[in-house]
Amino acid sequence: MSGPRDPGTTPDALHDAAVRLACAELVEILTDYLEGALPAHDAAVIEAHLALCPGCAAYLAQMRATIRVLGHVPVETLSPEATSTLLAAFRERGPG
Amino acid sequence: MPVADPDLVERLRGGDEQAFAEVVRLWSPAMLRVARAHVRTHASAEEVVQDAWLAVLRGLDGFAARASLKTWIFTVLVNTARRRGRAEAGRVLELERPGVDPRRFRGDDDEYPGHWRDEAAPVEWGPEPEVLAAEFRGLLGRALAELPDRQRAVVELRDVHGFDAEEVCTLLDLTPANQRVLLHRARTRLRGLLEEAIA
Ligand SMILES: [Zn+2]
């Protein structure tokens, strides 16, 4: 159990950990952070770092923007031939 | 899909061709992506998707609707793709490890080792509509096609088709950790390409 004096959880310790966290390391664990796969303490350090570091904050915003653009990219679909084969099979099957 | 599932199943059973064409149009892109992660060529993947739809048509009358129609169709697909994947020789390994260019970070002799160099730090991209412009959508679409297959499958299923992490692990036979690694590599690569294009 962590008490209030736990050096890992005091505001000062969190601040120190956030400053110590290298940006090069943060960009490597960012997906784990976004996926909610990091322990709560690590996530808190990342959030504290993001609040202090405009470069990493911009990087995260860019990553989120990338994900949003991906939601709008055109996707590859079945060839027209394959699609008509399927529609023909559906017609042949008939109702019920 | 505006149609509720039980309705849709009834329409398909009743021979509603428009409903069938619609689900084929909606779900085939994601099915192709899943299939392509199991087999080696696009042509093979297309056959897998086609075979899966034909199996769905054969099974439609017996479908008990305990699961959603979509879940059932993707289960049929994954089974078809796995059979085909086993029949083909082993898949290609992905050794590539793209990330952020290490030269953008300060060296070990710096007061803040590993932090962004001032001149190389990322900057905000500006208003959202500009980032969503057709130019950048097209760029990402082309970039997706060049990703290693499993990276492409993961990032497309997650970010283009909206599947959750657990679904993607099931569809692609991945552990949660591997799913995250592939997603991370793909997103990191794509963000980097957009950054270059926007700069
Ligand atoms: Zn930083």
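Reading the values: the criteria
Residues numbered from 1 in each chain as written. Chains lettered and ligands numbered in written order. Predicted model: local features only at pLDDT ≥ 70, side-chain atom pairs only at ≥ 80, totals over all residues. Heavy atoms only, no water. Salt bridge = Lys/Arg side-chain N within 4 Å of Asp/Glu carboxyl O. Helix = DSSP H or I, 4+ residues; strand = E, 2+ residues; numbered from the N terminus. Buried < 20%, exposed > 50% of the residue type's maximum accessible area, 1.4 Å probe, protein only. Donors = N, O, S within 2.8 Å, 3.2 Å for Na, K, Ca; no water. Tetrahedral: all angles 85-135°; square planar, octahedral: opposite > 155°, others 65-115°. Phe/Tyr/Trp six-rings, centres within 6.5 Å; stacked < 30°, edge-to-face > 60°. Lys NZ or Arg CZ within 6 Å of the ring centre and 35° of its normal. pLDDT = per-residue confidence, 0-100. UniProt positions renumbered as here; feature names shortened; annotations may be inferred. Contact = heavy atoms within 4.5 Å. Buried area = accessible area lost by both parts, 1.4 Å probe. Polar contact = N/O pair within 3.5 Å; in protein donor to acceptor, adjacent residues only side chain to side chain. Expected span 1.5 Å × (residues − 1).

Remarks on the pattern of salt bridges
In this structure the tally under the stated criterion is 20 salt bridges over all chains. Residue Arg84(B) is joined to Glu47(B) by a salt bridge in which the shortest nitrogen-to-oxygen separation is 3.1 Å. In this pair, Arg84(B) sits in helix 4 (residues 69-87) while Glu47(B) sits in helix 3 (residues 42-59), placing the two residues 37 residues apart along the sequence. For Glu47(B), a relative accessible area of 40% gives the class partly exposed. Residue Arg82(B) is joined to Asp173(B) by a salt bridge in which the shortest nitrogen-to-oxygen separation is 2.6 Å. Within this pair, whereas Arg82(B) is found in helix 4, its partner Asp173(B) is found in the loop between helix 8 (165-172) and helix 9 (176-198), the two being separated by 91 residues in sequence. With relative accessibility at 25%, the residue Arg82(B) sits in the partly exposed group. For Asp173(B), a relative accessible area of 45% corresponds to the partly exposed category. Linked by salt bridges that have partners in common, Glu76(A), Arg33(B), Arg152(B) and Glu156(B) make up one network.

Some points on the coordination of the zinc ion
Residue and element names in this part refer to chain A. Within the first shell, the zinc ion binds the protein through Cys23 (SG), His49 (NE2), Cys53 (SG) and Cys56 (SG), at distances of 2.0 to 2.4 Å. Angles of 106 to 112° at the metal separate the four donor atoms of the zinc ion, which places the site in the tetrahedral class. As a motif over one chain, the donors of the zinc ion read C-x25-H-x3-C-x2-C. Placement of Cys23 in helix 2 (residues 23-34) and of His49 in helix 3 (residues 40-52) is noted, with a sequence separation of 26 residues between them. Judged by relative accessible area, which is 1%, Cys23 ranks as buried. Given a relative accessible area of 2%, His49 falls into the buried group.

Quick look at the packing of aromatic side chains
Scanning the entire structure with this criterion turns up six aromatic pairs over all chains. Aromatic side chains Phe90(A) and Phe20(B) sit 4.5 Å apart centroid to centroid with 5° between the ring planes, which places their arrangement in the stacked category. Highlighted residues: Phe90(A) in helix 5 (residues 80-93) and Phe20(B) in helix 2 (residues 17-38), drawn from two different chains. Consider the rings of Phe63(B) and Trp72(B), whose centres lie 4.6 Å apart with planes at 20°: the pair is stacked. According to the relative accessible area criterion, Trp72(B) is buried, its value standing at 18%. Taken together, the aromatic side chains of Tyr59(A), Phe105(B) and Trp116(B) make up a single cluster linked through ring pairs. The cationic tip of Lys70(B) hangs over the ring face of Phe163(B); the distance from NZ or CZ to the ring centre is 4.6 Å.

What to know about the confidence of the model for chain B
Residues and elements named next belong to chain B. Per-residue pLDDT for chain B has a mean of 88; in total, 92% of the residues score no lower than 70. Helix 8 holds the highest mean pLDDT among the elements of chain B, 96, whereas helix 5 (residues 128-131) holds the lowest, 76. Across the assembled chains, the prediction reports ipTM 0.86 with pTM 0.85.

Observations regarding the UniProt feature "domain: Putative zinc-finger" (unreviewed entry) in chain A
Cross-referencing UniProt, the feature "domain: Putative zinc-finger" (unreviewed entry) maps to residues 23-57 of chain A in the present numbering. Across residues 23-57 of chain A, helical content stands at 83% and strand content at 0%; the span's end C-alpha atoms are separated by 10 Å.

Re the UniProt feature "domain: RNA polymerase sigma factor 70 region 4 type" (unreviewed entry) in chain B
When the UniProt feature table is mapped onto this chain, "domain: RNA polymerase sigma factor 70 region 4 type" (unreviewed entry) is found at residues 139-190 of chain B. For the annotated span residues 139-190 of chain B, helix accounts for 83% and strand for 0% of the residues, and the straight-line distance between the end C-alpha atoms is 9 Å.

Digging into the interface of chain B and chain A
Between chain B and chain A, the contact holds 61 residues from the first and 52 residues from the second. Summing both partners gives a buried area of about 4600 Å² for chain B against chain A, and 65% of it is carried by carbon and sulfur. The interface formed by chain B and chain A contains six salt bridges. The shortest N-O distance in the salt bridge between Arg158(B) and Glu35(A) comes to 2.8 Å. Seen at the junction of chain B and chain A, the total is 17 residue pairs in polar contact (both at pLDDT 80 or more). Listing elements by their share of the side of chain B that touches chain A, those giving two or more residues are helix 1 (5-13), helix 2, helix 3, helix 5, helix 6 (134-146), helix 7 (149-160) and helix 9 of chain B. No other element matches helix 9 of chain B, which puts 10 residues into the side of chain B that touches chain A.

Observations regarding the environment of Thr80(B)
All names here are of chain B. With respect to the helices, strands and loops of the structure, Thr80 is situated in helix 4. A relative accessible area of 11% places Thr80 in the buried class. Sequence-distant contacts of Thr80, that is, excluding residues within four places in its chain, are made with Val48, Asp51 and Ala52.

Section: helix 3 of chain A
Residues and elements named next belong to chain A. In a regular helix each residue adds 1.5 Å, so 13 residues correspond to 18 Å; helix 3 covers 19 Å between its end C-alpha atoms and thus fits that length. Of all the positions in helix 3, only Ala43, Val45, Ile46, Ala48, His49 and Leu50 are classed as buried. Along its buried surface, helix 3 packs onto helix 1 (11-20), helix 2 and helix 4 (54-70).

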